[in-house]
Amino acid sequence: MPTHDLLTAAAGHAAAYLDGVPEGRVGPAQTDPDALRAALGGPLPEAPSDPRAVLDALVAGAGPGLMASQSPRFFGFVFGGALPAALAADWLASAWDQNAALYVAAPAAAVAEEVVGGWLAELLGVPASASFAITTGCQMAHATGLAAARHAVLARAGWDVEARGLAGAPPIRLVANADLHVTVLRAVRLLGLGTDSIVRVETDAEGSMRPAALREALAAADGPAIVCAQAGEVNSGAFDPLDEVCDAAAEHGAWVHVDGAFGLWAAAAPSLRHRVAGVGRADSWATDAHKWLNVPYDAGLAFVAHPDAHHGAFSASAAYLPTGARDAMDWTPDSSRRARSFAIWAALRSLGREGVAEMVERCCACARRFAEVLGAQAGVEVLNDVVLNQVLVRFGDDDATTDAVVAAVQAEGTCWMGPTAWRGRRAMRISVSNWATTFDDVDRSCAAVLAAARLS
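Residues numbered from 1 in each chain as written. Predicted model: local features only at pLDDT ≥ 70, side-chain atom pairs only at ≥ 80, totals over all residues. Heavy atoms only, no water.

**Here's the deal with empty space enclosed by the protein**
As enumerated under the stated definition, the model contains one cavity of 30 Å³ or more in all. The calculated volume of the largest cavity comes to roughly 40 Å³. Around the largest cavity, the lining residues are Asp90, Val295, Pro296, Tyr297, Asp298, Ala299, Arg338, Arg340, Ala343 and Ile344. Taken together, the residues that form the lining of the largest cavity break down as six nonpolar, no polar and four charged. (1 Å grid on protein atoms, 1.4 Å probe; cavity = no way out; pocket = protein on both sides within 12 Å on 5 of 7 lines; lining within 4 Å. Points joined across faces, edges and corners; volume = space filled by probe spheres on them. Nonpolar A, V, L, I, M, F, W, Y, C, P; charged D, E, K, R; others polar.)

**Quick look at helix H4 (residues 84-96)**
Taking 1.5 Å of rise per residue, 13 residues should cover 18 Å, and H4 covers 18 Å from first to last C-alpha, within 8% of that figure. Burial in H4 covers these residues: Ala86, Ala89, Asp90 and Ala93. Down the axis, H4 shows its buried residues gathered within 105 degrees of arc, on one side only. Counted as exposed and oriented over 90 degrees from the buried face of H4: Pro84 and Ala95. If you follow the buried residues of H4, they end up packed against helix H12 (341-375). The positive-phi residue at the C-terminal boundary of H4 is Asp97, with phi of around 50 degrees. (Helix = DSSP H or I, 4+ residues; strand = E, 2+ residues; numbered from the N terminus. Expected span 1.5 Å × (residues − 1). Buried < 20%, exposed > 50% of the residue type's maximum accessible area, 1.4 Å probe, protein only. Arc of directions from axis to C-beta. Contact = heavy atoms within 4.5 Å.)

**Some thoughts on the packing of aromatic side chains**
Applying the stated criterion across every chain yields a total of nine aromatic pairs. The interplanar angle of 40 degrees and the centroid separation of 5.1 Å between the aromatic rings of Phe132 and Phe303 together place this pair among those described as tilted. Pair noted here: Phe132 is in strand E1 (residues 131-135) and Phe303 is in strand E7 (residues 300-304), with a separation of 171 residues, a long-range link. What makes Phe132 buried here is its relative accessible area of 6%. The side chain of Arg369 reaches across the aromatic face of Phe439, ending 4.7 Å from its centre. When the ring centre of Trp422 is taken as origin, the NZ or CZ atom of Arg423, which lies over that ring, is 4.1 Å away. (Phe/Tyr/Trp six-rings, centres within 6.5 Å; stacked < 30°, edge-to-face > 60°. Lys NZ or Arg CZ within 6 Å of the ring centre and 35° of its normal.)

**Quick word on helix H6 (residues 138-156)**
The α-helix advances 3.6 residues per turn, and as a result positions three or four apart in sequence lie on the same side. Compared with an ideal rise of 1.5 Å per residue, which puts 19 residues at 27 Å, H6 spans 27 Å between its outermost C-alpha atoms and is within 8% of the ideal. The element H6 is largely enclosed, with a buried count of 17 among its 19 residues. Just past H6, the residue Gly158 takes up positive phi, approximately 80 degrees.

**What to know about the pairing of strand E2 (residues 173-177)**
In terms of burial, E2 is a largely internal element, five of the five residues being buried. Direction of pairing for E2 relative to strand E4 (residues 225-230): parallel, over a ladder of four bridges. Note that in E4 the partner of Ala176 across the bridge is Cys228. Here E2 runs beside strand E3 (residues 198-201); their pairing, made up of four bridges, is parallel. Considered in E3, the bridge of Val175 is made with Val199. (Pairing = 2+ DSSP bridges.)

**As for the layout of surface pockets**
By volume, the largest pocket amounts to about 1,200 Å³. Around the largest pocket, the lining is made up of 40 residues, and of these Ala14, Tyr17, Leu18, Leu66 and Gln70 lie nearest the centre. Residue assignment for the lining of the largest pocket shows that the elements contributing at least two residues are helix H1 (3-20), helix H3 (51-62) and H4. Counting residues per element, the lining of the largest pocket draws most heavily on H1, at six residues. When the residues that make up the lining of the largest pocket are grouped by side-chain class, the tally is 27 nonpolar, ten polar and three charged.

**Remarks on the sheet that holds strand E8 (residues 380-382)**
Spatially, E8-E9-E11-E10 is the arrangement adopted by the four strands of the open sheet, whose pairing is antiparallel. Edge positions in the sheet fall to E8 and strand E10 (418-422), since each of these pairs with one other strand and no more. This sheet shows a mean twist of 40 degrees between the axes of neighbouring strands, independent of strand direction. Direction of pairing for strand E9 (residues 390-395) relative to strand E11 (residues 425-431): antiparallel, over a ladder of four bridges. Within E11, the residue paired with Val393 across the bridge is Met428. Seen against the sheet, helix H13 (residues 399-412) touches E9, E10 and E11 and runs at an angle of roughly 30 degrees to E11. (Axes fitted to C-alpha atoms, helices over the stretch in contact; angles between N-to-C directions.)

By themselves these figures say nothing about function.
What follows is the structure, given as structure tokens:
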């Protein structure tokens, strides 16, 4: 079958799927792994198959197990949808099939990456002089920023970690928000720093780091130190007081890394920018484009205020590799990599500064509406101060009741929220970050949640 015809067929399948998303069931119709294995599995085929038949079989087998995370009523995790321009650009990126590791192999992808790096730094309050990298997600953006931090703080102590490794190196203390995200822990493990090196700093009831406790932790010992701060706690949405965090770190010569997976986007919205006051004083930042920028999965973003440390942590050379231009592989853990810059470029070009701000502010307004509508009902408690896009809701002041309501909502299908635990109590976690979500979607979802609460 000609490639053109096959791509046309794929576009038809994709369009049919997306046409059904706005009014369709949000959760997968089929969650039984054995049923999905039966549809998609079986022995490895011995002979080639017709590509169109393969495509149709994939659609038939995978369709029932797809989560409609692009739905304007998907609130289970901080997943963005896919902006139309970004989705179309991502299709082109697949068709163009550029390896964005090297400038010489993909000049347009390399230049698009430079352009979006500058645009994003401006939107997110990062210094224009910072270096930049696109990664698979915030997980690897943390690894990128913390690798640069490891390079810098050990270099200050006279240790070349890239050449000598960590054996015998001065120990690095990581001083972090007590509610730090699991991806930071994984990055610390990956980089050989060890989770036992983390000193967890006391937070307030909402999850914001207490500056006095941070100063006490930093003063407890000398030597290389990295402070991991948060912009947007994963449950409550709370922000660390970044100005005060940076003040304390400066007093002790510590590097500040900001986990801003979704909260860093507050900097792009005039009404929310005060939440990240002081963010530009940090040393590295990690966030995602596939969350609030709503590009297709996957795209993480790393920024480093010290390009020499960033480049020193990742640069590589070989006789067959050209030099002279900016090669993206010198700024990330990856070598071969997808040209994610095209979808990010399309998203920013289609929205503009005003569109990004409106999207972020509307999502936060929708989160507040969830809190207002649900919190007004007897037996329903909102557990957090809704400062961003996260809402924590508890039913009947009872763990089992709360989990039962979450399960009933997921089974009914109007919307999809997930469970969590906050300060020792079970809760429904509502995350609003989709470009298409409106107040009507919130009201429909609230009605479904309250109906489930009555049935549970």
